[in-house]
Amino acid sequence: MTTARELDQHPDTPVVHLSRRAALEAERAAARKPARRERTPKAERTPAPPRAPKPERTGRRAAAARATTEHVDARIQRVVRRPAPSVPAVARATRASRSRRASRVTLTSALAALAMFAASAMPAHASAGTSMATATLAPSVRTQDYAVTQAISASALDRDGFTVGGGSAGAPGTSVSYGGEVRSPFPGPVRMSSGFGYRSAPCGACSSLHQGLDFNPGMGAPIGAVAAGTVRVSGTYFSYGTAVIIDHVIDGREVSTLYGHMIPGSSPLKVGDTVEAGQFIGKVGSSGVSTGAHLHLEVLMDGETPIDPEAWLEARIGRSLTA
């Protein structure tokens, strides 16, 4: 709102604006008008009579406009620009320390993950010495042993209708079987359960390449030595459980026989003992990796190469081994 000019007011007297909006409108209007050039007056002009001021508007609309304008002017005057808050040095140091701590945690996590990956990918024996690697690759097998000697001695033996005859009942130093220089481990024909060569493995830990011959005379049946020789192994032997290995010289050639899965403690032999053909060496059992009571017999040429025991024995004793 602008104040009205008085009749005797000088033209250059500044006009007073009662509101900021009116002042802004007056400034915009003055900026749009071109600057007047000062002219030299040719003759003194008679000033024009001043115009009568417009009557001030009244009514509800005018009152509402004045109230709105005055409220806006008051709010504009109360606006105060506040300076941006400054970050204290302690806060900046805290942020920097947190950043460094986060980077250290990330690096530590990466190193730990790399170490775990290397440990899981590396074989167990790769970081150890030669002795530890050898023990890992070729461990000493400890198998299950069933100590049933007392039960066997207290009860009668069930031999599936087959009676062992022709020898002793298994006393140390006695003969189980009779014959020539090479004999069957039992005095008569015995039922076989698994022959030499490839087969369907009877258990998860059993081998599909069977390197011996399995006899089934019954639990606790006495076993005789195939031929005279010297005891090389007597005791727990890998997956064979309680076993005995005897070295022989037959037809001028070194031959070894292995007797596996015997009853623990049934063999009276020690390493280095000398035995005769047919001499008692132990009793049929099921120690080691076994699915039942049987004798596992192997014939090893030159002490290490397995051959078919059935064919080798039958060619030398002149009769069949099976019942």
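Keep in mind the model is a prediction, meaning the values are calculated, not measured.

Rules behind the numbers
- Numbering of residues starts from 1 in each chain and follows the order in which that chain's sequence is written.
- The model is predicted, so local features are restricted to residues of pLDDT at least 70 and side-chain atom pairs to those at 80 or more, both for listing and for counting; the totals for chains, interfaces and linings are taken over all residues.
- Think of the side-chain values as coming from all heavy atoms in the structure, minus any hydrogens and water.
- Here a strand is any run of E in DSSP of at least two residues, a helix any run of H or I of at least four, and the numbering for each starts at the N terminus.
- Each residue is assigned to one of three classes by its accessible area relative to the maximum for its type, calculated with a 1.4 Å probe on protein chains only: buried under 20%, partly exposed between the two thresholds, exposed over 50%.
- Note on contacts: a residue pair qualifies if any of its non-hydrogen atoms lie within 4.5 Å across the two residues.
- Shrake-Rupley sampling with a 1.4 Å probe provides the accessible areas, and residues are treated as covered by the protein chains on show and by no other component.
- Here a polar contact means two N or O atoms within 3.5 Å. Within protein one must be a hydrogen donor candidate and the other an acceptor candidate, and residues neighboring in sequence count only if both atoms are side-chain atoms.
- Under the pairing criterion, centres of Phe, Tyr and Trp rings, with the six-membered ring standing for Trp, must be within 6.5 Å; the plane angle then separates stacked pairs below 30 degrees from edge-to-face pairs above 60, leaving the rest tilted.
- Grouping buried Ala, Val, Leu, Ile, Met, Phe, Trp, Tyr and Cys residues that are joined through side-chain atoms within 4.5 Å yields what is termed a nonpolar core.
- Scored between 0 and 100, pLDDT is the confidence that the predictor attaches to each residue.
- A pairing counts as a salt bridge when a side-chain nitrogen of Lys or Arg comes within 4 Å of a carboxyl oxygen of Asp or Glu.

Asks: What am I meant to see in the overall build of the protein chain here?
Replies: Counting its regular elements, the protein chain contains six helices and twelve strands. The buried share of the protein chain, taken over its 323 residues, is 28%. A separation of at least 24 residues holds for 61% of the contacts in the protein chain among residues at least 6 apart in sequence. Taken as a whole, the protein chain presents about 22,100 Å² of accessible surface, with 55% of it coming from carbon and sulfur.

Asks: Looking at this structure, how should I read the side chain of His-294?
Replies: Tracing the backbone through its elements, the reader meets His-294 in the loop between strand S10 (280–283) and strand S11 (295–301). Under the relative-accessibility criterion, His-294 is labelled buried at 8%. Within polar-contact distance, the side chain of His-294 engages the backbone oxygen of Gly-292 at 2.8 Å. Other than its neighbours up to four places away in sequence, His-294 contacts Asp-214, Phe-215, Asn-216, Gly-260, His-261, Val-284 and Gly-285.

Asks: Got a minute to help me understand the packing of aromatic side chains in this structure?
Replies: Given two aromatic rings, one states the distance between the centres and the angle between the planes to describe the pair. Summed over the entire model, instances satisfying the criterion amount to three aromatic pairs. Between Tyr-237 and Phe-238, the ring centres sit 5.0 Å apart and the planes meet at 80°, which makes this aromatic pair edge-to-face. On the basis of relative accessible area, Phe-238 is assigned to the partly exposed category, the value being 36%. Ring centres of Tyr-237 and Tyr-240 lie 5.9 Å apart, and the angle between their planes is 20°; this geometry places the pair in the stacked category. The class of Tyr-240 is buried, set by a relative accessible area of 18%. An aromatic cluster is present here, built from Tyr-237, Phe-238 and Tyr-240 joined pairwise through their rings.

Asks: Would you mind going over the side chain of His-261 with me for this structure?
Replies: With respect to the helices, strands and loops of the structure, His-261 is situated in strand S8 (residues 253–262). His-261 sits in the buried class, given a relative accessible area of 6%.

Asks: Explain the nonpolar core here, please?
Replies: One broad trend across soluble globular proteins is that nonpolar side chains are buried collectively. Grouped together as the largest cluster of nonpolar side chains are 29 residues, with contacts concentrated most on Phe-186, Phe-215, Ile-223, Ile-246, Tyr-259 and Trp-312. Those elements that place two or more of their residues in this core are strand S4 (213–215), strand S7 (242–250), S8, S11 and helix H6 (309–317). When residues in this core are grouped by element, the largest group, four residues, is from S11. Other than its neighbours up to four places away in sequence, Phe-186 contacts Ser-177, Phe-215, Pro-217, Ala-221, Pro-222, Ile-223, Val-284, Leu-295 and Arg-319. Membership of the second largest hydrophobic core comes to five residues, among which are Tyr-240, Ala-243, Ile-245 and Leu-258.

Asks: How should the confidence of the model for the protein chain be read in this particular structure?
Replies: Segments scoring low in pLDDT should not have their predicted coordinates read at a detailed level. On average, residues of the protein chain carry a pLDDT of 74, and 57% of them reach 70 or more. Low pLDDT, under 50, characterises residues 123–167; the stretch is placed with 45 contacts to residues that sit more than four places away or in other chains.

Asks: Can you help me understand the pattern of salt bridges in this one?
Replies: Opposite charge on two side chains lets them pair, provided their charged atoms get close. All told, the structure shown has four salt bridges when counted by the stated rule. Its salt-bridge partner being Asp-247, residue Arg-232 comes within 3.1 Å of it at the nearest N-O pair. Remark: Asp-247 occurs in strand S7 and Arg-232 occurs in strand S6 (residues 229–236); sequence separation between them is 15 residues. Under the relative-accessibility criterion, Arg-232 is labelled partly exposed at 35%. The shortest N-O distance in the salt bridge between Arg-316 and Asp-251 comes to 3.8 Å.

Asks: Looking at this model, I keep getting lost on the environment of Val-275. Mind explaining?
Replies: Positionally, Val-275 belongs in strand S9 (residues 274–275). For Val-275, a relative accessible area of 0% gives the class buried. It is 9.9 Å that separates the C-alpha atoms of Val-275 and His-248, two residues lying 27 residues apart in sequence. Once you skip the residues sitting within four places of it in the chain, Val-275 turns out to touch Ala-225, Ala-227, Ala-228, Gly-229, Val-231, Ile-246 and Leu-269.

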